[in-house]
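Architecture at a glance
Each chain, letter by letter, is given below.
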Number of protein chains: 2
Amino acid sequence: MFEQIKVILVNTSHPGNIGGAARAMKNMGLHHLVLVNPKEFPHAEATARAAGAGDILESALVVDSLTTAISDCHFIVGTSARLRSVAWPLSDPRQCVDRLIPRLKDQQRIAFVFGNEQSGLSNEELSLCHAHLHIPCNEDFSSLNVAAAVQIVAYELRMSLHQNTPAELLYEMESKPITADEMERFFISLENCLIQLGYLKPSQPKKLMLRLRRLFNRAIIEENEMNILRGIINSIAERTVEKQ
Amino acid sequence: MFEQIKVILVNTSHPGNIGGAARAMKNMGLHHLVLVNPKEFPHAEATARAAGAGDILESALVVDSLTTAISDCHFIVGTSARLRSVAWPLSDPRQCVDRLIPRLKDQQRIAFVFGNEQSGLSNEELSLCHAHLHIPCNEDFSSLNVAAAVQIVAYELRMSLHQNTPAELLYEMESKPITADEMERFFISLENCLIQLGYLKPSQPKKLMLRLRRLFNRAIIEENEMNILRGIINSIAERTVEKQ
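This text gives an overview of the structure that appears in the document. (Residues numbered from 1 in each chain as written. Chains lettered and ligands numbered in written order. Predicted model: local features only at pLDDT ≥ 70, side-chain atom pairs only at ≥ 80, totals over all residues. Heavy atoms only, no water.)

Attention shifts here to the sheet that holds strand β4 (residues 75–79) of chain A. Residues and elements named next belong to chain A. One open sheet accounts for seven strands, arranged β3-β2-β1-β6-β4-β7-β5; its pairing is parallel. Every other strand in the sheet has two partners, leaving β3 (61–63) and β5 (90–91) as the edge strands with one partner each. Here five bridges tie strand β1 (residues 5–10) to strand β2 (residues 32–36), and the two strands are oriented parallel to one another. Paired with V10 across the two strands is V36, which belongs to β2. With respect to the sheet, helix α5 (residues 93–105) is in contact with β1, β4, β5, β6 (110–114) and β7 (131–133), its orientation differing from that of β6 by roughly 155°. (Pairing = 2+ DSSP bridges. Helix = DSSP H or I, 4+ residues; strand = E, 2+ residues; numbered from the N terminus. Contact = heavy atoms within 4.5 Å. Axes fitted to C-alpha atoms, helices over the stretch in contact; angles between N-to-C directions.)

If you want it as structure tokens, here you go:
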């Protein structure tokens, strides 16, 4: 099941942290590292901190957007140190991994996304995720090193996947899971639809799309539901007229 | 109970690892660091990797033997990456921390001992310990960075001692919950809207509303989201024309 899991580091500043994350991954049995716009990579310091995990760095994928990085994944977990203005389903690493087991058994691809050292993940990046993960820590000193955060999540994955956790299916799907890419195309057509309806004003978007992303990501849409939602959007496009 | 816990690093070679361990400790709420014959300390690299945990380094005790370091402790846990020729009570970090809870409640002082980067703890050092802790990892690549090992143990301590994430943090609502009655009224207006759009044919309803109920109930809609959904439905109602 480790093969189905990606670790995605976004805008990492220090190459040493990339190496540390690679080592943490390999120690726990993870392989797939994706780097979104790393500041410096490849880099001698990354290689040094990776120690014997140079193969993880060599096979790491470097891409220029988080959207590309997650496009083939079915479930996206964003790590967040801060409480956000828009609330999202939040769990600690143990709960999060427990809830992912049925998805992994269902052959879904899962991404864990870690933000930049200074600023973490942006609200926009977090809005691409189905769930947010918060690592419990000292409130007076909560800035966890990014390689340390990868270590904790990878450790929880190993603890869970290597124990014979009962295969209790926590949820039952009616149809297939969809990918982040399909979800993204839905949000774009939803946004266009709301603009056409005059409900979303591009000059004053407020947090409307963010709230709708939160709602639909929380529901974890599957294939037959996506077909319904697309059908409704198409009907709206056909039947509505500009306001007089 | 964090006050009763010491982290002891023995013969650490790389000062960066001492800094990384200090940061990991402070993140999780631990304070007491003891260094047994560190190769280089204090050191700029330790300070750099500690980030905001310089106070842990400043108050760290430097001693010349493990015996001195553990002298006032009641229970000593040694970390070990290897299986030893002499069997010792062995546990993973979670089991280990669980078993320590009664001792901590009993006001006992506990030490966690971490060995040198290359060789770990010697058999003699391990023989000073009451229990051995093994962090589960990939057997083909089991050399865990010492700061990463401290991070995992400190994280398990926090998860156990802090009864981790408070329930109200697990799911954070932005606004008020809504009642089943409001939800029911939403489904009725959604159904009327879909009929008006021509997407739902009352003569052939199939399972459309059932599927939409399943989707929106799963998301557990709250008040401000309900306002958005109502707004969208009203916009559709205003703008829809009959098909020619």
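Okay, back to it.
Here we take up helix α5 (residues 93–105) of chain B. Residue and element names in this part refer to chain B. Here α5 contains 13 residues, and its C-alpha end-to-end distance of 18 Å stays within 8% of the 18 Å for a straight helix at 1.5 Å per residue. Along α5, the sharpest change in direction is near 30° and occurs at R99; proline P102 comes one to four residues later. Taken together, the buried positions of α5 are occupied by P93, R94, C96, V97, L100, I101 and L104. Just downstream of α5, Q107 is the residue with a positive phi angle, here 65°. (Expected span 1.5 Å × (residues − 1). Bend = angle between axes of the 7 residues up to and from the residue. Buried < 20%, exposed > 50% of the residue type's maximum accessible area, 1.4 Å probe, protein only.)

For the rest of this paragraph, the subject is empty space enclosed by the protein. Tallied over the entire structure, the rule returns five cavities of 30 Å³ or more. Around the largest cavity sit 20 residues that line it, and L190, F216 and I232 of chain A together with F216 and I232 of chain B are the ones nearest its centre. Taken together, the elements giving at least two residues each to the lining of the largest cavity come down to α8 (180–196), α9 (208–219) and α10 (223–239) of chain A together with α9 (180–196) and α11 (223–239) of chain B. Of the residues in the lining of the largest cavity, the class split is 20 nonpolar, no polar and no charged. (1 Å grid on protein atoms, 1.4 Å probe; cavity = no way out; pocket = protein on both sides within 12 Å on 5 of 7 lines; lining within 4 Å. Points joined across faces, edges and corners; volume = space filled by probe spheres on them. Nonpolar A, V, L, I, M, F, W, Y, C, P; charged D, E, K, R; others polar.)

When the terminal C-alpha atoms of helix α7 (residues 146–161) of chain B are compared, their 22 Å separation across 16 residues agrees well with the 22 Å that a helix rising 1.5 Å per residue should span. Burial within α7 of chain B is extensive, with 16 of its 16 residues counted as buried.

With that settled, consider the interface of chain A and chain B. Taken together, the contacts link 72 residues of chain A with 66 residues of chain B. Counting the surface chain A buries against chain B, the share from its top three residues, F141, Y155 and R239 of chain A, is 13%. For the pair chain A and chain B, the number of links is four salt bridges. With a shortest N-O distance of 2.7 Å, E225 of chain B and R214 of chain A are connected by a salt bridge. For the pair chain A and chain B, the interface holds 22 residue pairs in polar contact (both at pLDDT 80 or more). Broken down by element, the side of chain A that touches chain B gets its largest block of residues, eleven residues, from α10 of chain A. Along the lines of polarity and charge, the residues of the side of chain A that touches chain B split into 34 nonpolar, 19 polar and 19 charged. (Buried area = accessible area lost by both parts, 1.4 Å probe. Salt bridge = Lys/Arg side-chain N within 4 Å of Asp/Glu carboxyl O. Polar contact = N/O pair within 3.5 Å; in protein donor to acceptor, adjacent residues only side chain to side chain.)

What follows covers unusual backbone geometry. Cis rather than trans, the peptide bond between F41 of chain A and P42 of chain A has omega equal to -5°. Of note, P42 of chain A is situated in the loop between β2 and α2 (44–50). Here the phi dihedral of N11 of chain A falls at roughly 50°; this positive angle occurs in a residue that is not glycine. Take N11 of chain A: its relative accessible area is 32%, and that puts it in the partly exposed class. The phi angle at N37 of chain B is positive, at roughly 45°, despite the residue not being glycine. Within the secondary structure, N37 of chain B sits in the loop between β2 (32–36) and α2 (44–50). The exposure class assigned to N37 of chain B is partly exposed, which follows from its relative accessible area of 38%.

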